[in-house]
Amino acid sequence: MSSFKFNTESTRPLPDATQMRIAIVTTEWNCEITDRLVESAVRTLRDNGVDASNITIEYVPGSFELIFGAAQLVSAKRHDAVIAIGCVIRGETPHFDYICQGTTQGLASLNAQAEIPVVYGVLTVNNIEQALDRLGGKAGDKGAEFALTAIKMVAYSCQFKKKL
Ligand code: DLZ
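Read on for a plain summary of the structure. Note that the structure is a prediction, hence the values are computed from the model and not measured.

So, how was this worked out
- Residues numbered from 1 in each chain as written.
- Predicted model: local features only at pLDDT ≥ 70, side-chain atom pairs only at ≥ 80, totals over all residues.
- Heavy atoms only, no water.
- Near = heavy atom within 4 Å.
- Polar contact = N/O pair within 3.5 Å; in protein donor to acceptor, adjacent residues only side chain to side chain.
- Areas by Shrake-Rupley, 256 points an atom, 1.4 Å probe, with all protein chains shown as cover.
- Helix = DSSP H or I, 4+ residues; strand = E, 2+ residues; numbered from the N terminus.
- Nonpolar A, V, L, I, M, F, W, Y, C, P; charged D, E, K, R; others polar.
- Buried < 20%, exposed > 50% of the residue type's maximum accessible area, 1.4 Å probe, protein only.
- Pairing = 2+ DSSP bridges.
- Axes fitted to C-alpha atoms, helices over the stretch in contact; angles between N-to-C directions.
- Contact = heavy atoms within 4.5 Å.
- Core = buried A, V, L, I, M, F, W, Y, C linked by side-chain atoms within 4.5 Å.

### Regarding the site of the ligand
Right, on to step 1. For the ligand, the full set of nearby residues is Trp 29, Asn 30, Gly 62, Ser 63, Phe 64, Glu 65, Cys 87, Val 88, Ile 89, His 95 and Ile 99.
Right, on to step 2. The separation between an oxygen atom of the ligand and a polar side-chain atom of Ser 63 is 2.7 Å.
Right, on to step 3. Calculation on the ligand without its partners gives an accessible area of 480 Å², and the protein chains cover 72% of this total.
Right, on to step 4. At the level of secondary structure, the elements contributing two or more residues to the shell around the ligand comprise β3 (81-89) and α3 (95-113).
Right, on to step 5. Ranked by residue count, the leading element in the shell around the ligand is β3, at three residues.
Right, on to step 6. Among the residues making up the shell around the ligand, the classes are represented as six nonpolar, four polar and one charged.

Right under this line is the structure:
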């Protein structure tokens, strides 16, 4: 197993997040996992100064709908970043591959075209244990990572915005 630790070894200070407005779109599918990813993301945003009133959470049925859900949040222009959180668990058919591929490509092209960053917060795992390991266990705390990524990417995008 990799010993890579996201962020914890970085010496770069985190940007000031106190004025940031972050939207999270998440799924009803595998909500025993996604709810906990969202909880951790929200906790990390709050710990880093994001005001509770500036965090929005929206729900869609499954990971495939994250593309449309995130696109709507981008179009609404009310936030500085969108975090799309889902969890796809391998089943017995190739459906897993199609959903993972479609969702990943959809979110990737949205991220490339959107005026705000779209964070890819989708776990693609072989079984529930692998998902549980990513909720603060031996494979890290993915919800926290998604939140820190959003904060960093908002700061990154700000440097390219025109000053009035
Ligand atoms: C259909 C389906 C399956 C089999 N598995 C998952 C999953 O593990 N995680 C997830 O988020 N969604 C799953 N879905 C639902 C699809 O994402 C989508 O909601 C439906 O195909 C309808 O578009």
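### What to know about unusual backbone geometry
Right, on to step 1. Phi angles above zero are rare outside glycine, and Asn 30 is one such case at about 50 degrees.
Right, on to step 2. As for its position among the elements, Asn 30 is in the loop between β1 (22-27) and α1 (31-47).
Right, on to step 3. Despite not being glycine, Lys 77 shows a phi value in the positive range, around 55 degrees.
Right, on to step 4. As for its placement among the helices and strands, Lys 77 is situated in the loop between α2 (66-76) and β3.
Right, on to step 5. Judged by relative accessible area, Lys 77 falls into the exposed class, the value being 59%.

### Digging into the sheet that holds β1
In a beta sheet, neighbouring strands are held together by backbone hydrogen bonds and run either parallel or antiparallel to one another.
Right, on to step 1. Spatial ordering of the open sheet is given by β2-β1-β3-β4, a layout of four strands whose pairing is parallel. Of all strands in the sheet, those with a lone pairing partner are β2 (55-60) and β4 (118-125), marking the two edges. Between one strand axis and the next, the sheet turns by 15 degrees as a mean value, whatever way the strands run.
Right, on to step 2. The pairing of β1 with β2 spans six bridges and is parallel. Across the sheet, residue Val 25 finds its bridge partner in β2, namely Glu 58.
Right, on to step 3. Across the sheet, helix α5 (residues 142-158) touches β1, β3 and β4, and the angle it forms with β4 is around 160 degrees.

### Quick notes on the nonpolar core
Within soluble globular proteins, side chains that are nonpolar tend to cluster in buried spots.
Right, on to step 1. Counting residues in hydrophobic clusters, the biggest one holds 25 residues, and the most contacted among them are Ile 22, Ile 24, Leu 45, Ile 83, Ile 85 and Leu 123.
Right, on to step 2. At the level of secondary structure, the elements contributing two or more residues to this core comprise β1, α1, β3, β4 and α5.
Right, on to step 3. In this view, Ile 85 contacts Ile 24, Val 25, Thr 26, Thr 27, Thr 34, Leu 37, Val 38, Ala 41, Leu 66, Gly 121 and Phe 146; residues no more than four positions away in its chain are not counted.
Right, on to step 4. Counting 19 residues, the second largest nonpolar core, distinct from the first, contains Ala 23, Leu 66, Leu 107 and Leu 110.

### Points about the side chain of Thr 26
Right, on to step 1. Note that Thr 26 resides in strand β1.
Right, on to step 2. The buried category is assigned to Thr 26, whose relative accessible area is 0%.
Right, on to step 3. In contact with Thr 26, not counting residues within four places along its chain, are Thr 34, Val 38, Ile 57, Glu 58, Tyr 59, Val 60, Leu 66 and Ile 85.

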